[in-house]
Amino acid sequence: MGSTYTISVPATSANIGPGFDVMGLSLSLYLHVTAHTSPTATPSPTNITLAYTGSNSSGLPLDPHANLITRTALYVLSCLGHARFPQPMSVHVDNRIPLGRGLGSSGAAVVAGVLLANAVGRLGLSQQRMLDYCLMIEHHPDNVAAALVGGFVASYLVDVDREGAPESETTAAPDTIAEDGHPGVPPENIGHFLRLGCSPKIRAVAIIPQFELATAKARAALPPSYKTSDVVFNLQRLAVLTTALGRETPDPWLIYRAMEDKVHQPYRMHLIPGLPEILATFNPDNTPGLLGICLSGAGPTILALAIDNFDEIAAKIRAVFDRQPDGGVETVYKLLDIVSEGATCIETADEE
Ligand SMILES: Nc1ncnc2c1ncn2[C@@H]1O[C@H](COP(=O)(O)OP(=O)(O)OP(=O)(O)O)[C@@H](O)[C@H]1O
Ligand SMILES: N[C@@H](CCO)C(=O)O
């Protein structure tokens, strides 16, 4: 008898201002992957037939060795001695997370691939071990940790020099890392995370420009070193932010200031028309309900955390994009919840 595996992975917003490569929030927008065993299908070198539906799939490769989800799954299986899926399977992807917009699409794809391998190979990996595999593909933990465990998550990698973690990439795209070759069996426990409190009153206003910005390009814009005062600026804010979002009644100005950043946003301004004005203009006094505003992940999406007046906040941010030169920047608005559940995988036995 065959089985069906249904995997859901949330979108994530990384950094939340000062927490570059550290913080992630999981959001109510999902990548869904469904895999059916096809016991009567002819075995193939990978045993995978891949198909996509939905709008966020154009241009994505269907070759199982090139696609990020199945490539990740094949990598995990190969580390544990399986050259391919144990039996022929049709894998169907319904992706609601826009690609290259700073909402963790690649992190979700990697997490889905690891969960898929764990399920079809009956590998019995712990959540901690699954994170190790994710980190061999996506070398910064913020998106994958939040996508895997859900909620407001802080994470770190162990020291690369002493404990064998993959070096944090600054220029390589997630796609190029695994295509370069097999990243190898991960050392144990290379990433650690902690779920933090987040008030249920807080929702996420996501303003998504209709252009892609590859994370690799946005990371290539960062400097090789920082001024001590800028690092201290971020550390001060990050320490406050970790607790400020969890208070039952959020303090708007405390959070607003705690979401400022001098480590990545200033260097990415030129990549997102409108970002300088958006970050400089709106605050809790002139925009009631607003708690804080930042670039989501590597951008170009703007993430505003708020407790009220969500549509008004969205309209103000979108108006800035509309006013940009050469006809403005087209945007899509999504009001998202911060979800406490991370990635899930459910197995059901097919009826005979
Ligand atoms: N569902 C998916 N299936 C296959 N590949 C995907 C999928 N989602 C993302 N990818 C790959 O990841 C790339 C986007 O990754 P990238 O890191 O540039 O942006 P992002 O993850 O959306 O943003 P951020 O990391 O800033 O949150 C896509 O161009 C595609 O190659
Ligand atoms: N922390 C990462 C998130 C994007 O994947 C960055 O800002 O580059």
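Residues numbered from 1 in each chain as written. Chains lettered and ligands numbered in written order. Predicted model: local features only at pLDDT ≥ 70, side-chain atom pairs only at ≥ 80, totals over all residues. Heavy atoms only, no water.

- By the naming in an unreviewed UniProt entry, the protein is Homoserine kinase, taken from Coemansia erecta.
- Of the protein, the UniProt comment under Pathway (unreviewed entry) reads exactly: "Amino-acid biosynthesis; L-threonine biosynthesis; L-threonine from L-aspartate: step 4/5."
- Entered under Sequence similarities (unreviewed entry) in the UniProt record, the comment concerning the protein runs "Belongs to the GHMP kinase family. Homoserine kinase subfamily." (UniProt positions renumbered as here; feature names shortened; annotations may be inferred.)

### Remarks on the overall build of the protein
Item 1. Each helix and strand counted, the protein has twelve helices and eleven strands in total.
Item 2. The C-alpha atoms of the protein give a radius of gyration of 20 Å, which matches the 20 Å a tight globule of 352 residues would have.
Item 3. Overall, the C-alpha framework of the protein stretches about 65 × 45 × 40 Å when taken along its three principal axes.
Item 4. Within the protein, the fraction of its 352 residues that count as buried is 55%.
Item 5. Considering only intrachain contacts with a sequence separation of at least 6, the fraction spanning at least 24 residues in the protein is 79%.
Item 6. Split by element, the accessible area of the protein, about 14,500 Å² in all, is 52% carbon and sulfur.
Item 7. In the protein, 22 positive and 35 negative side-chain charges are present, and the distance between their average locations comes to 5 Å. (Helix = DSSP H or I, 4+ residues; strand = E, 2+ residues; numbered from the N terminus. Rg over C-alpha atoms; globule rule 2.2 N^0.38 Å. Buried < 20%, exposed > 50% of the residue type's maximum accessible area, 1.4 Å probe, protein only. Contact = heavy atoms within 4.5 Å. Areas by Shrake-Rupley, 256 points an atom, 1.4 Å probe, with all protein chains shown as cover. Lys, Arg positive; Asp, Glu negative; His and termini not counted. Charge placed at Lys NZ, Arg CZ, Asp CG, Glu CD.)

### Thoughts on the pattern of salt bridges
If charged atoms from side chains of opposite charge come close, those side chains can pair.
Item 1. In the structure shown here, the tally under the stated rule is eight salt bridges.
Item 2. Note that D94 is salt-bridged to R96, the shortest N-O span being 2.6 Å.
Item 3. Residue R96 is classed as partly exposed on the basis of its relative accessible area of 43%.
Item 4. As a salt-bridge pair, R257 and E260 come within 3.0 Å of each other at their nearest N and O atoms.
Item 5. Residue R257 is classed as partly exposed on the basis of its relative accessible area of 43%.
Item 6. The exposure class of E260 is partly exposed, given its relative accessible area of 22%.
Item 7. Each of R237, R257 and E260 takes part in a single network of salt bridges with overlapping partners. (Salt bridge = Lys/Arg side-chain N within 4 Å of Asp/Glu carboxyl O.)

### Topic: the site of ligand 2
Item 1. A14, N15, F20, D21, H140, D142, N143, T215, R219, R268, G297 and A298 make up every residue found near ligand 2.
Item 2. Between ligand 2 and N143, the relevant distance is 3.0 Å, taken from an oxygen atom to a side-chain nitrogen or oxygen of the residue.
Item 3. Here ligand 2, which alone exposes 260 Å², has 96% of that area covered by the protein.
Item 4. Elements represented by at least two residues in the shell around ligand 2 include exactly α4 (141-149) and α7 (215-220).
Item 5. Residue classes in the shell around ligand 2 are distributed as three nonpolar, five polar and four charged. (Near = heavy atom within 4 Å. Polar contact = N/O pair within 3.5 Å; in protein donor to acceptor, adjacent residues only side chain to side chain. Nonpolar A, V, L, I, M, F, W, Y, C, P; charged D, E, K, R; others polar.)

### A few points about the pairing of strand β5 (residues 152-157)
Item 1. Alignment of strand β2 (residues 23-37) against β5, held across three bridges, turns out to be antiparallel. If you follow L25 over to β5, its bridge partner there is F152.
Item 2. For β5 and strand β6 (residues 191-196), the ladder comprises six bridges, and the chain directions are antiparallel. If you follow S155 over to β6, its bridge partner there is F193. (Pairing = 2+ DSSP bridges.)

### Notes on the sheet that holds strand β7 (residues 203-209)
Item 1. Ordered by their spatial adjacency, four strands build an open sheet running β8-β9-β7-β10, and the pairing between neighbours is antiparallel. Looking at the sheet topology across the chains shown, the edges are occupied by β8 (290-295) and β10 (331-337). Put simply, the sheet's adjacent strands are angled 20 degrees from each other on average, direction ignored. (Axes fitted to C-alpha atoms, helices over the stretch in contact; angles between N-to-C directions.)

### Observations concerning the site of ligand 1
Item 1. Neighbouring ligand 1 are 22 residues, the closest being Y52, G104, S105, S106 and T215.
Item 2. At 2.6 Å, a side-chain N or O of S105 approaches an oxygen atom of ligand 1.
Item 3. Side-chain polar atom of T215 to an oxygen atom of ligand 1: 2.6 Å apart, as the coordinates give it.
Item 4. Out of a free accessible area of 630 Å², ligand 1 has 91% covered by protein chains.
Item 5. Going through the elements one at a time, α1 (68-79), α2 (105-120) and α6 (174-179) are the ones with two or more residues in the shell around ligand 1.

### Some words on the environment of V185
Item 1. Within the secondary structure layout, V185 lies in the loop between α6 and β6.
Item 2. Residue classification places V185 among the exposed residues on the basis of a relative accessible area of 51%.
Item 3. The sequence separation of V185 and D132 amounts to 53 residues, and the corresponding C-alpha distance is 9.2 Å.
Item 4. Those residues in contact with V185 that lie beyond four places of it in its chain are C79, R129, Y133 and M136.

### A look at helix α8 (residues 228-244)
Item 1. Between its first and last C-alpha atoms α8 spans 24 Å; for 17 residues at 1.5 Å apiece the expected length is 24 Å, and the two agree.
Item 2. Taken together, the buried positions of α8 are occupied by D230, F233, N234, R237, L238, L241 and A244. An end-on view of α8 places all buried positions within 130 degrees of arc, on one side of the element. Turned more than 90 degrees off the buried face of α8, the exposed positions are T228, L235, A239 and T243.
Item 3. Considering only its buried residues, α8 is in contact with β2, β5, α9 (252-258) and α10 (265-268). (Expected span 1.5 Å × (residues − 1). Arc of directions from axis to C-beta.)

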